[in-house]
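As a plain string of letters, each chain reads:
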There are 2 protein chains.
Amino acid sequence: MRAVADSDQRWIPWMRRALQLAALADGHTSPNPLVGAVVLDPSGALVGEGFHARAGEPHAEVGALAQAGERAKGGTLVVTLEPCCHHGRTPPCSDAVIQAGIARVVVALTDPDPRVAGGGLQRLRDAGVEVLSGVLEADAAHQNRVFVHRVQTGRPWGLLKWAMSLDGRTALPSGASQWISGPAARAWVHRLRAQCDAVIVGGGTVRADDPLLTSRGLRQPEPLRVVLSRSLDLPDQAQLWDQSVAPTLVAHGVASDGADSERAQRLDALGVAGVTLTALQHCEPQQLLEVLAGRGCNRVLWECGPALAAAALQQGCVQELAVVVAPKLIGGAAACTPLGELGFTAMDQVISLQQIRHSSLAEDWLLQALLPTDR
Amino acid sequence: MRAVADSDQRWIPWMRRALQLAALADGHTSPNPLVGAVVLDPSGALVGEGFHARAGEPHAEVGALAQAGERAKGGTLVVTLEPCCHHGRTPPCSDAVIQAGIARVVVALTDPDPRVAGGGLQRLRDAGVEVLSGVLEADAAHQNRVFVHRVQTGRPWGLLKWAMSLDGRTALPSGASQWISGPAARAWVHRLRAQCDAVIVGGGTVRADDPLLTSRGLRQPEPLRVVLSRSLDLPDQAQLWDQSVAPTLVAHGVASDGADSERAQRLDALGVAGVTLTALQHCEPQQLLEVLAGRGCNRVLWECGPALAAAALQQGCVQELAVVVAPKLIGGAAACTPLGELGFTAMDQVISLQQIRHSSLAEDWLLQALLPTDR
């Protein structure tokens, strides 16, 4: 990260405002990043503001420049992410900036998208625009960590969430788990889903809980509901098969043994219901996430059982953790626990979480943390 | 609880002071209660303060009256617990109060000890002393909840403590558990032990962890270390057998099958080491606690494995819970969890904790709660 010269400190309040604008669309811009922008006239007065609301709609710079109109001429554009230089669903923003007669562009973060990656800034410089980058770079990188992760790895940012009792149980020995957490925590989960592009469960969760997995209308359209099921051992009736509520994708393994009539019947029935079917050569979390990245997902929520959660962790498919702890004791030798086998044999191997935050959800606690990046 | 008349509100600040004095000896007065007292002269000026420091030392009232001397005559004694009327290790306090010429006694809580139970107040009234009781009664009952519980049930107050990872594991599948929590949490456990009269583990914990179970000198003498082992399947070498550090009691089942030479050898070896041996007809938590109450324990700490913890909970031997949660993920299908089978078959049967408090111990969290009293 570059140090910003003292003379450039004056842009920091404006960049904060641009970051605030960008945050207004948090969770809704996939596969695009969050971007906010402000335009100042030559005297330094605010003349335009904009943010990227969702894919297909104008980029932040374009909105801010349109608001500024003629007053942008000779002025400054302060923007959280490098203006793009490629034609996507909208024309390159760097061209729009040049055409508006902007004299100076102040940027927080260089776009990690290989189609941009500094090319936007170069195009501006070539056109004689003064360019300053790296202002509040760390804040901007944090705000767009989900997008940056997807661009750099080719997989969406994974958030693993579970609810458990204070003795670490996610269900009774019978499988009953409704409800461990209280109404406030369950409402919080709906808000969490609204910030994600897909919600993933395994076949076991569909069989045990028959979940709905929606944001209850908080996000329109609803996040994609995803079932990862190698065997396709899934119930005939399930809330997830009702495509009028939200779309569902079932990712399954390829049949290794040729004809399997039950499996074929299941695929037929799901197809008739309108469920999207995707065969994975390796029916594993990592490959599923590559498919979801290809479908424009920046951030996915793992709401799965212990075995799939452990596999997702082991395959680097989890970057963030959210655990709801209910003040209850459930017990049970055979009762469910949040995570299956991780293969650790000594205490110095276990996963140490980072940047831990805790808060209350009425009677329950919410603990949020990041997974270490060197795993 | 009685309402205190408006005219008696003036005693509340003095009762708060008496409660503060009583708290100075928290965890050190067993089998006696916590008691604090202040003496005011006839003009209402403070002339004496006292608290009960430990069993065998003067009661709070006696200390405060001694400090007040002649100035107590015609004055007021404000005391957190009803003055006793029986000869214990010290003479009855009610007599001392009368002899000192006190005109008025203000009490928070009536002594639940059946040897007192209002008799102390009656004795004072019979001698012409004005008696007012019930001032800050709820605070006093909370402060002495451990003593009140022991007197009412014949068993010490039980505190169950465990440390676990965020995925609810108390050990690796291998049994390794040192250390799940950090240094601050481990130091807190030493302070917790210093507030308890005994620390209880099962044979499995002795075999797996070889714990020391002391307060590391914070309490003198150290709390009694207790092993509940039906089978006496215990290691030959263990830190608990070193009686120079702290005393140890091993409670074991009675041999049902007559001669058992291994068992006899084990008993001999423990006896030679100076360990106290106690045979229990029913080798269960409830009976162990009756034995410990008889040995003067007001509060005991359960630091045991999942099976014994579940048994202690089921037998009503746990009134309070303290859970340290470390920001780590351990996983493991066979890894240890805090509690064994509690026999619940539906979510509305599980234990809901009460009066929950949470705090931080450096990187770890501490969650404390009470068990519901109607269990």
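Thresholds applied
Residues numbered from 1 in each chain as written. Chains lettered and ligands numbered in written order. Predicted model: local features only at pLDDT ≥ 70, side-chain atom pairs only at ≥ 80, totals over all residues. Heavy atoms only, no water. 1 Å grid on protein atoms, 1.4 Å probe; cavity = no way out; pocket = protein on both sides within 12 Å on 5 of 7 lines; lining within 4 Å. Points joined across faces, edges and corners; volume = space filled by probe spheres on them. Helix = DSSP H or I, 4+ residues; strand = E, 2+ residues; numbered from the N terminus. Nonpolar A, V, L, I, M, F, W, Y, C, P; charged D, E, K, R; others polar. Contact = heavy atoms within 4.5 Å. Buried area = accessible area lost by both parts, 1.4 Å probe. Salt bridge = Lys/Arg side-chain N within 4 Å of Asp/Glu carboxyl O. Polar contact = N/O pair within 3.5 Å; in protein donor to acceptor, adjacent residues only side chain to side chain. Pairing = 2+ DSSP bridges. Core = buried A, V, L, I, M, F, W, Y, C linked by side-chain atoms within 4.5 Å. Buried < 20%, exposed > 50% of the residue type's maximum accessible area, 1.4 Å probe, protein only. Least-squares fit on C-alpha atoms with pLDDT ≥ 70 in both. pLDDT = per-residue confidence, 0-100. Expected span 1.5 Å × (residues − 1). Arc of directions from axis to C-beta. Axes fitted to C-alpha atoms, helices over the stretch in contact; angles between N-to-C directions.

Caption draft 1: Region of interest: the layout of surface pockets. Approximately 1200 Å³ is the volume attributed to the largest pocket. T205(B), D209(B), E303(B), C304(B) and G305(B) are the residues nearest the centre of the largest pocket, which is lined by 47 residues in total. Elements with a minimum of two residues in the lining of the largest pocket: β6 (157-165), α7 (183-194), β7 (198-202), α8 (203-209), β8 (224-229) and α11 (306-314) of chain B. In terms of residue count, α8(B) provides more of the lining of the largest pocket than any other element does, 6 residues in total. When grouped by side-chain class, the residues that make up the lining of the largest pocket number 23 nonpolar, 14 polar and 10 charged. If you add up the space inside the second largest pocket, you get close to 810 Å³. Lining the second largest pocket we find 34 residues, and of these K161(A), S177(A), T205(A), D209(A) and E303(A) sit closest to its centre.

Caption draft 2: Representation of the interface of chain B and chain A within the structure. The partner chain A presents 45 residues to the 45 residues of chain B that form the contact. Summed over both partners, the interface of chain B with chain A comes to about 3400 Å²; 71% of that surface belongs to carbon and sulfur atoms. Looking only at chain B, the three residues that lose the most surface to chain A are L166(B), L329(B) and M347(B), adding up to 22% of its buried area. Remark: the boundary between chain B and chain A carries 0 salt bridges. Between the two partners, chain B and chain A, sit 12 residue pairs in polar contact (both at pLDDT 80 or more). Elements with a minimum of two residues in the side of chain B that touches chain A: β6, β12 (320-326), β13 (328-329), β14 (351-352), β15 (354-361) and β16 (364-370) of chain B. Residue composition of the side of chain B that touches chain A, grouped by class: 29 nonpolar, 12 polar and 4 charged. Sheet topology note: the strand β13 (residues 328-329) of chain A/β14(B) ladder contains 2 bridges and is antiparallel.

Caption draft 3: Layout of empty space enclosed by the protein. In this structure the tally under the stated criterion is 1 cavity of 30 Å³ or more. In this model, the largest cavity occupies a volume close to 60 Å³. Contributing to the lining of the largest cavity are H358(A), W365(A), L367(A), V325(B), H358(B), S359(B), W365(B) and L367(B). Mapped by element, the contributors of at least two residues to the lining of the largest cavity are β16 (364-370) of chain A together with β15 and β16 of chain B. When grouped by side-chain class, the residues that make up the lining of the largest cavity number 5 nonpolar, 3 polar and no charged.

Caption draft 4: Structural detail: the nonpolar core. W302(A), L329(A) and W302(B) are the most contacted members of the largest nonpolar core, which has 92 residues in total. With residues near it in sequence (within four places) discarded, L329(A) still touches L166(A), D167(A), W162(B), L313(B), L321(B), L339(B), L342(B), F344(B), V350(B), I351(B), L353(B) and L371(B). Among the nonpolar cores identified, the runner-up in size contains 40 residues, and V39(B), A60(B), V135(B) and V148(B) belong to it.

Caption draft 5: Representation of the relation of the copies chain B and chain A within the structure. Superposing chain B onto chain A takes a rotation of 180° plus a shift of 0.1 Å along the axis, which leaves an RMSD of 0.0 Å. In the structure described here, the two chain copies are related by an operation that fits a two-fold rotation axis. When C-alpha positions in chain B are compared against the rotation axis, the closest is assigned to G168(B), at 2.0 Å. Same-surface contact between copies: 100% of interface residues of chain B are shared with the interface of chain A.

Caption draft 6: Structural view of the pattern of salt bridges. The final tally for this structure, using the stated rule, is 27 salt bridges over all chains. One salt bridge connects D95(A) with R123(A), and the closest N-O pair in it is separated by 2.9 Å. You can see D95(A) sitting in helix α3 (residues 93-99) and its partner R123(A) sitting in helix α4 (residues 119-126), a full 28 residues away along the chain. Take D95(A): its relative accessible area is 22%, and that puts it in the partly exposed class. For D197(B), the salt bridge goes to R219(B), with nearest N and O atoms at 2.7 Å. One end of the pair, D197(B), is in the loop between α7 and β7; the other, R219(B), is in the loop between α8 and β8, and 22 residues separate them in sequence. Judged by relative accessible area, R219(B) falls into the buried class, the value being 10%. One network of salt bridges, in which partners are shared, links R145(A), R299(A), E320(A) and R357(A).

Caption draft 7: Region of the structure containing the confidence of the model for chain A. Considering every residue of chain A, the mean pLDDT works out to 92; 96% of them sit at 70 or more. Here the predicted complex scores 0.88 on pTM and 0.88 on ipTM.

Caption draft 8: Looking closely at helix α1 (residues 12-23) of chain B. With 12 residues, α1(B) should reach 16 Å at 1.5 Å per residue; the first-to-last C-alpha distance of 16 Å fits that figure. Every buried residue of α1(B) is listed here: I12(B), M15(B), A18(B), L19(B), L21(B) and A22(B).

Caption draft 9: Fine view of α4(A). All names here are of chain A. Every buried residue belonging to α4 is among G120, L121 and L124, and all of these are buried. Seen end-on, α4 carries its buried residues on one side only, within an arc spanning 100°. As for α4, its buried residues are in contact with α3, β4 (104-109) and β5 (130-133). Of the residues flanking the end of α4, it is G128, one or two places downstream, whose phi is positive at about 85°.

Caption draft 10: Quick look at the sheet that holds strand β4 (residues 104-109) of chain B. Residue and element names in this part refer to chain B. On the basis of which strands lie adjacent, the open sheet formed by 5 strands has the order β2-β1-β3-β4-β5 and mixed pairing. Looking along the sheet, the strands with just one partner apiece sit at the ends: β2 (46-51) and β5 (130-133). On average, adjacent strands in this sheet sit at an angle of 15° to one another, irrespective of strand direction. Alignment of strand β3 (residues 76-81) against β4, held across 5 bridges, turns out to be parallel. Within the sheet, the bridge partner assigned to T76 lies in β4 and is R104.

Caption draft 11: Focus on unusual backbone geometry. Between Q178(B) and the following residue, W179(B), the backbone shows a cis peptide bond with an omega angle of 5°. With respect to the helices and strands, the residue W179(B) is situated in the loop between β6 and α7. Residue P221(B) follows Q220(B) across a cis peptide bond; omega there is -5°. Locating P221(B) in the fold gives a position in the loop between α8 and β8. Here D210(A), not a glycine, exhibits a phi torsion of approximately 45°, which is positive.

Caption draft 12: Up close: the environment of H59(A). Structurally, H59(A) is set in the loop between β2 (46-51) and α2 (60-68). Taking the C-alpha atoms as reference points, H59(A) and E130(A), separated by 71 residues in sequence, lie 21 Å from one another.

Caption draft 13: Up close: the sheet that holds β7(B). All names here are of chain B. Taken in spatial order, the 9 strands make up an open sheet running β10-β9-β8-β7-β11-β6-β12-β16-β15, and their pairing is mixed. This sheet does not close on itself; its edge strands, each paired only once, are β10 (276-280) and β15. Ignoring strand direction, the axes of neighbouring strands in this sheet form an average angle of 20°. Relative to strand β9 (residues 248-253), helix α9 (residues 261-273) is tilted by about 160°, and along the sheet it contacts β9 and β10.

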